[in-house]
Structure formats: structure tokens, C-alpha cells
Amino acid sequence: MESVGRRIRALRKKKGLNLQDMASKLNLSVSYLSQLENGRANISVALLKDIASILEVPSVFFLLEEETKPLVKVIRKNERHEYIRNNEKVTINVLFATENEKLQSSIINIPPGMDTGKPSCHYGDEFTYIIEGEVEVVLDEKDVYRLSQGDVIYYPAHIPHRWVNVGDTIARVMATATPASF
């Protein structure tokens, strides 16, 4: 709550409002608003929405993590990690995984007739983009989706999932997941 309070104070001051002005607009005591800004009192969602409205920002602004690192990240090809599965036939090249483990994207190379092995499942969401080839995405070992180059499928990642190359050439699949699982 302390960082929420700091953000409220900083934005209030930036907008040229003193504690009394802001407290008056919110029908709060100056003392209570000061406690909120100093992280010594809890804030309700309703009050946070009111504060955001007065300060002209979305209420989520106060809940976002403070970013201390650059928002842009470049990963060179020689810096990426590659994992091998299924008797050294299927490769997974991790394009990126954010340092805070919120997002990961990989390219999976599947030889003809091969699959990615045992189904995986994890918390979060996942989408798969077929770069080239023909693939069947098998969800929960019962739902099969046949996809071709350019197709995309989204699914909750807690559903066990695997990919099967049903074409005659190597299949290249880009899988992006939240949170990072490698």
C-alpha cells in the first residue's frame, strides 16, 4: 500500500492539489488522506476509483508495478536458450522470457510425424502461432485442432496440451505463454 500512497501523493502534487483540496473533493479528513499517502491506512477499491477520477488517471495506474528497468529488451540470437525434447528430435528455442516471469515466447521445431512428447500444463494463458507446416494441437488428450501456416489458437494453459506435426515437412510453431514456464 505504501507505493500506492506514494503514487497518489506524487500525482496529487503534480496536479497542484494540496492535502486539504484533495481531502475535500473526496469527503475525507486531511489526516486520513495523509495516512493513505504514507501507507499507514488501507484503501478501498471504491476510494481508489474516486482518487483516480479526480487525478484523471485509470485506477489501475496506482497498482502497476514500479518499473526500474528499461521497457525495451533486445535478445540476440546467440543469447537465447535452446531446449531439446523427445529424444533430441524436438527443439524449443526460447525467444524471450521477461525477467519478472510474466511472459515467455518460444519457437518449437517439430520434425514430420513427431510430437512434443508428454502434454504440458501450467498456470496462465497460451497462444500458438503456426509459422510453417501443419500441426495438430491436442488439448486434454481429446480435443484436436488441425492448424496450418498462419493459424493461431488460444487456450488456458492449465489444459494439458501438446503439438503433433501431421505434415511432410518440419513444423515451426511459436508458443507464447503467461507466466513464463522455462
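Note: the structure precedes this text.
The structure reproduced in this document is the subject of the present report. All of these numbers come straight from a predicted model, not from anything done at the bench.

## Notes on the pattern of salt bridges
Under the counting rule described, the total for this entry stands at 9 salt bridges. A salt bridge links Glu56 to Lys15; its shortest N-O distance comes to 3.0 Å. Placement of Glu56 in the loop between α4 (45-55) and β1 (81-85) and of Lys15 in the loop between α1 (2-14) and α2 (19-26) is noted, with a sequence separation of 41 residues between them. Residue Lys15 is classed as partly exposed on the basis of its relative accessible area of 39%.

## Notes on the sheet that holds strand β8 (residues 161-165)
One open sheet holds the 3 strands; their spatial order is β6-β5-β8, and the pairing between them is antiparallel. At either end of the open sheet lies a strand with only one pairing partner, and these are β6 (143-148) and β8. Neighbour-to-neighbour, the strand axes of the sheet open up by a mean angle of 25 degrees, direction not taken into account. Relative to β8, strand β5 (residues 134-139) runs antiparallel, the two being bridged by 5 bridges. Within the sheet, the bridge partner assigned to Leu139 lies in β8 and is His161.

## Here's the deal with the nonpolar core
Core analysis: the largest hydrophobic core is formed by 18 residues, its most contacted members being Ile8, Met22, Ile43, Ile51, Leu55 and Phe62. Among the elements of the structure, α1, α2, α3 (30-37) and α4 are those that each provide at least two residues to this core. Top element by residues in this core is α4. It accounts for 5 residues. Leu55 has contacts with Ile8, Leu11, Arg12, Lys15, Leu17, Met22 and Phe62, leaving out every residue within four places of it along the chain. Ranked by size, the runner-up nonpolar core spans 16 residues in total, among them Val90, Ile108, Met114 and Leu147.

## A few points about unusual backbone geometry
The residue Asp140 is not glycine, and still its phi comes out positive at about 60 degrees. For Asp140, the position within the fold is in the loop between β5 and β6. For Asp140, a relative accessible area of 38% gives the class partly exposed. The phi angle at Glu141 is positive, at roughly 55 degrees, despite the residue not being glycine. Locating Glu141 in the fold gives a position in the loop between β5 and β6. Exposure remark for Glu141: the relative accessible area of 47% places this residue in the partly exposed category.

Procedures and definitions
- Residues numbered from 1 in each chain as written.
- Predicted model: local features only at pLDDT ≥ 70, side-chain atom pairs only at ≥ 80, totals over all residues.
- Heavy atoms only, no water.
- Salt bridge = Lys/Arg side-chain N within 4 Å of Asp/Glu carboxyl O.
- Helix = DSSP H or I, 4+ residues; strand = E, 2+ residues; numbered from the N terminus.
- Buried < 20%, exposed > 50% of the residue type's maximum accessible area, 1.4 Å probe, protein only.
- Pairing = 2+ DSSP bridges.
- Axes fitted to C-alpha atoms, helices over the stretch in contact; angles between N-to-C directions.
- Core = buried A, V, L, I, M, F, W, Y, C linked by side-chain atoms within 4.5 Å.
- Contact = heavy atoms within 4.5 Å.

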